[in-house]
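# Structural overview for review
Read off the chains here:
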Amino acid sequence: MTTQTNGAFDRTPLIAGNWKMNMDHAEGVALVQKLAWTLDDANFDYDRVEVAVFPPSTDLRSVQTLVNGDKLKLEYGAQDLSDQDSGAYTGDISGAFLKKLECTYVLVGHSERRTIHQEDDELCSKKVDAAYRHGLTPILCVGEGLEERKAGNHVGFTLEQLRGSLKGLSASNAKTLVVAYEPVWAIGTGEVAGPEDAQEMSAAIRAELENLYDAETASAIRILYGGSVKAANAAATLAEKDVDGVLVGGASLKAEEFANIARFEKHVVSE
Ligand SMILES: O=C[C@H](O)COP(=O)(O)O
């Protein structure tokens, strides 16, 4: 969340773990349990850094039961949602159902959905609206491909995706929005964009959000970096001024590794 004191916004860092199509519900419960125990053993301060996991939809009810039963301070969310609320949409999942499962967040427009499922900006903007309609906080994913990066058009491409995916979003709702910048060429490749790349794009996104809304809204929105984030590289990226968190894929499937990413301040302090 973002808190405001005397006009200044304090953007709480968000460490988000996108499990993608991994971990059935039994494995998911074990992973959440191990993550919680690992963070508790390290006296982790959930008020300083927010930690959220994004399991496959089949796991959400089990994760909800565990989080509620053990009073865990972890947040959780879904990897996608329908732009529709209910009806003849086989295989889709309504934001209303996700809210009933007490999801806080929902990913929208992850590059794997944009490419594999041909999700365009128009559909993403409708999914952002659906998230707010059901009281979910969207994490809107944007980011260039290798060809845009090589052509030096990575900023223009990403900002165009951002504008197209936020059509019609009000400034009041936008204040709680989270944006995740994920250069597609860095996802799952081990090729992590350097902290300076992450900062360059986060600053450009924040400037564009100011154009789309206003300075206050832009400074309230948290911007995450995603793409081959590991415990070894997270602290440097998270130290960047406009980077407010990370969206982690593969490394979030290992409790210790993900917990070490969440404890990035330890690394920064100890450096
Ligand atoms: O949603 C997470 C991103 O796709 C990054 O995945 P990755 O950490 O496996 O590169």
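None of these values were measured; they are calculated from a predicted model. (Residues numbered from 1 in each chain as written. Predicted model: local features only at pLDDT ≥ 70, side-chain atom pairs only at ≥ 80, totals over all residues. Heavy atoms only, no water.)

Turning our attention to the pattern of salt bridges. Summed over all chains, the structure comprises 17 salt bridges. For the salt bridge of Arg206 with Asp242, the shortest nitrogen-to-oxygen distance reads 2.7 Å. Of this pair, Arg206 sits in helix α9 (residues 195-212) while Asp242 sits in the loop between α11 (231-238) and β10 (245-248), placing them 36 residues apart in sequence. Residues joined by salt bridges that share partners form a network here, namely Arg11, Arg206, Lys241, Asp242 and Asp244. (Salt bridge = Lys/Arg side-chain N within 4 Å of Asp/Glu carboxyl O. Helix = DSSP H or I, 4+ residues; strand = E, 2+ residues; numbered from the N terminus.)

Attention shifts here to helix α2 (residues 60-69). Think of an α-helix as turning once every 3.6 residues; residues three or four places apart then point the same way. For α2, the set of buried residues is Leu60, Val63, Gln64, Leu66 and Val67. All buried residues of α2 fall inside an arc of 170° around its axis, so they share one side. Along α2, the residues that are exposed and aim more than 90 degrees away from the buried face are Arg61 and Gly69. Check the buried side of α2 and you find it contacts α1 (25-41), β5 (75-78) and α3 (95-100). Positive backbone phi, at 50°, marks Lys71, one or two positions downstream of α2. (Buried < 20%, exposed > 50% of the residue type's maximum accessible area, 1.4 Å probe, protein only. Arc of directions from axis to C-beta. Contact = heavy atoms within 4.5 Å.)

The next point concerns the sheet that holds β5. The strand order around the closed barrel formed by eight strands is β3-β4-β5-β6-β7-β8-β9-β10, and the pairing between neighbours is parallel. Neighbour to neighbour, the strand axes of the sheet diverge by 25° on average, direction disregarded. Relative to strand β4 (residues 50-54), strand β3 (residues 14-18) runs parallel, the two being bridged by five bridges. From the neighbouring strand, Ile15 faces β4, where its bridge partner is Val51. (Pairing = 2+ DSSP bridges. Axes fitted to C-alpha atoms, helices over the stretch in contact; angles between N-to-C directions.)

This part takes up the UniProt feature "active site" (unreviewed entry) in the chain. What UniProt calls "active site" (unreviewed entry) maps, in this numbering, to His110 and Glu182. In sequence the annotated residues extend across 73 residues, while in space they remain close, none of their C-alpha pairs exceeding 8.4 Å. Within the fold, His110 resides in the loop between β6 (105-108) and α4 (111-116). Since its relative accessible area comes to 4%, His110 is described here as buried. In contact with His110, not counting residues within four places along its chain, are Asn18, Lys20, Cys141, Glu182 and Ile187. Reaching out from His110, the side chain makes a polar contact with the backbone nitrogen of Glu112 at a distance of 3.0 Å. Mapping Glu182 onto the fold places it in the loop between β8 (178-181) and α9. The class for Glu182 is buried, based on a relative accessible area of 5%. Apart from the residues within four sequence positions on either side, Glu182 is in contact with His110, Cys141, Val142, Gly143, Glu144, Ile187, Gly226, Gly227 and Leu247. (UniProt positions renumbered as here; feature names shortened; annotations may be inferred. Polar contact = N/O pair within 3.5 Å; in protein donor to acceptor, adjacent residues only side chain to side chain.)

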